[in-house]
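Letter by letter, the chains look like this.
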Amino acid sequence: MNLADLQAFIQIYQTKNISRAAEQLNMTQSALSKRLHTIQNIVGVTLVSTQNRRQLEITEAGESFYRYAKLITTQYSLMQTELQEYQTLKRGSLLIGTVPILSQYGLMQALTKFMADYPQINLRLQELEGNQLVEKLQTNSFDIAIVRDLQTEHLNKSYQSENLYRDQLMVILPVTHPLAQKKEISMTELADFEFTLLPPGSGVYEQVISLCEHAGFTPNVRFESTHIETILSVVENSQQVTLLFQRSAAPFMTTKLKLRPLTTPIFSELQLISPRQPQNAAINQFLRYLRAAIQ
């Protein structure tokens, strides 16, 4: 017995007439009668009495069979509708991994607009340091990721990358700092000062350490934090310095801080990482929202 059998019986039940039911099912009366006979043989009981030629009579067993047939066909229809919703972006979820700077780059607007336009698509956002994101990308743990190019050289080959924003690494120091009045600052000039930095794994930390080593010194890192606002607060209230990308630091800058470029400018790209072959339509649509946000 299959779904078509159940649908045929439902039509017979509702019309109480083989001829009309066959017409509505686009079948011959003979074919529908044979199908009814087959159904009754399968279940082993009489579902329809044919003694009254003008109108069929449904037996007690037939009434029970009808209820279950309606339930099964309704559930099947609901299943088809739900699966179709996944295909048409009406249902699903996306897991997004990102370094914790989306608001600074205006990308939260894209997320909120997407959720408003597709209320049945749930977004799950994990904010992690760059090294943690890359580790998870190696195991295809995210649908989409946003991370700096400082750490994306050896990505899993199932992913592709595209640049979102170019940003410049800047020196940030208190207005009272001896170097605050300089228009640009070299790494060698920072050798005698204490540093406050993002932690190891951020990508920024590794780049700053490398720049210091190339300048011939090992920085004295007195304080580390994953929060840019905290880092700038420490710098503001001390004679320490930090290096951050300009746009990520911009919302937290105050009049007590100075932002200066390096003598040799350092740039980095914030990158969008996505599957080379997305598994669902929601990923493609979400990518379009992010791309539109940066135009």
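Preceding block: the structure.
Residues numbered from 1 in each chain as written. Predicted model: local features only at pLDDT ≥ 70, side-chain atom pairs only at ≥ 80, totals over all residues. Heavy atoms only, no water.

Right, let's talk about the environment of Asn-156 for a bit. Mapped onto the elements, Asn-156 comes out in the loop between strand S5 (144–148) and strand S6 (159–174). Between the C-alpha atoms of Asn-156 and Lys-113, which are 43 residues apart in sequence, the distance is 30 Å. With near-sequence residues (within four places) excluded, Asn-156 lies in contact with Leu-137, Gln-138 and Asn-140. (Helix = DSSP H or I, 4+ residues; strand = E, 2+ residues; numbered from the N terminus. Contact = heavy atoms within 4.5 Å.)

With that out of the way, let us pick up the packing of helix H1 (residues 3–15) against helix H3 (residues 29–43). The description of two packed helices rests on the angle between their axes and on the distance between the axes. Where H1 contacts H3, the two axes come as close as 10 Å, and the packing angle between them is 110 degrees. In terms of orientation, H1 and H3 fall into the roughly perpendicular class. The residues of H3 that touch H1, namely those facing Ala-4, Asp-5, Ala-8, Phe-9 and Ile-12, are Leu-32, Arg-35, Leu-36 and Ile-39. Broken down by class, the residue content of the contact of H1 with H3 amounts to seven nonpolar, no polar and two charged. (Axes fitted to C-alpha atoms, helices over the stretch in contact; angles between N-to-C directions. Parallel < 35°, antiparallel > 145°, perpendicular 65-115°, else oblique. Nonpolar A, V, L, I, M, F, W, Y, C, P; charged D, E, K, R; others polar.)

So, on to the packing of aromatic side chains. Here the structure, examined in full by the defined rule, presents eight aromatic pairs. Ring centres of Tyr-13 and Tyr-66 lie 3.6 Å apart, and the angle between their planes is 10 degrees; this geometry places the pair in the stacked category. Placement of the pair is Tyr-13 in helix H1 and Tyr-66 in helix H4 (residues 60–87), with a sequence separation of 53 residues. Here Tyr-66 falls in the buried class, since its relative accessible area comes to 15%. Where Tyr-118 meets Tyr-289, the ring centres are 6.1 Å apart and the plane angle is 70 degrees; that geometry is what we call edge-to-face. Taken together, the positions of Tyr-118 in the loop between helix H5 (108–117) and strand S4 (121–127) and Tyr-289 in helix H10 (residues 281–293) put the pair 171 residues apart, joining distant regions of the chain. Within the aromatic cluster, the residues linked to one another by ring pairs are Phe-114, Tyr-118, Phe-286 and Tyr-289. In this structure, Lys-16 is placed above the aromatic ring of Tyr-13, and the distance from its NZ or CZ to the ring centre is 4.1 Å. (Phe/Tyr/Trp six-rings, centres within 6.5 Å; stacked < 30°, edge-to-face > 60°. Buried < 20%, exposed > 50% of the residue type's maximum accessible area, 1.4 Å probe, protein only. Lys NZ or Arg CZ within 6 Å of the ring centre and 35° of its normal.)

Any functional reading would require information that these geometric values do not contain.
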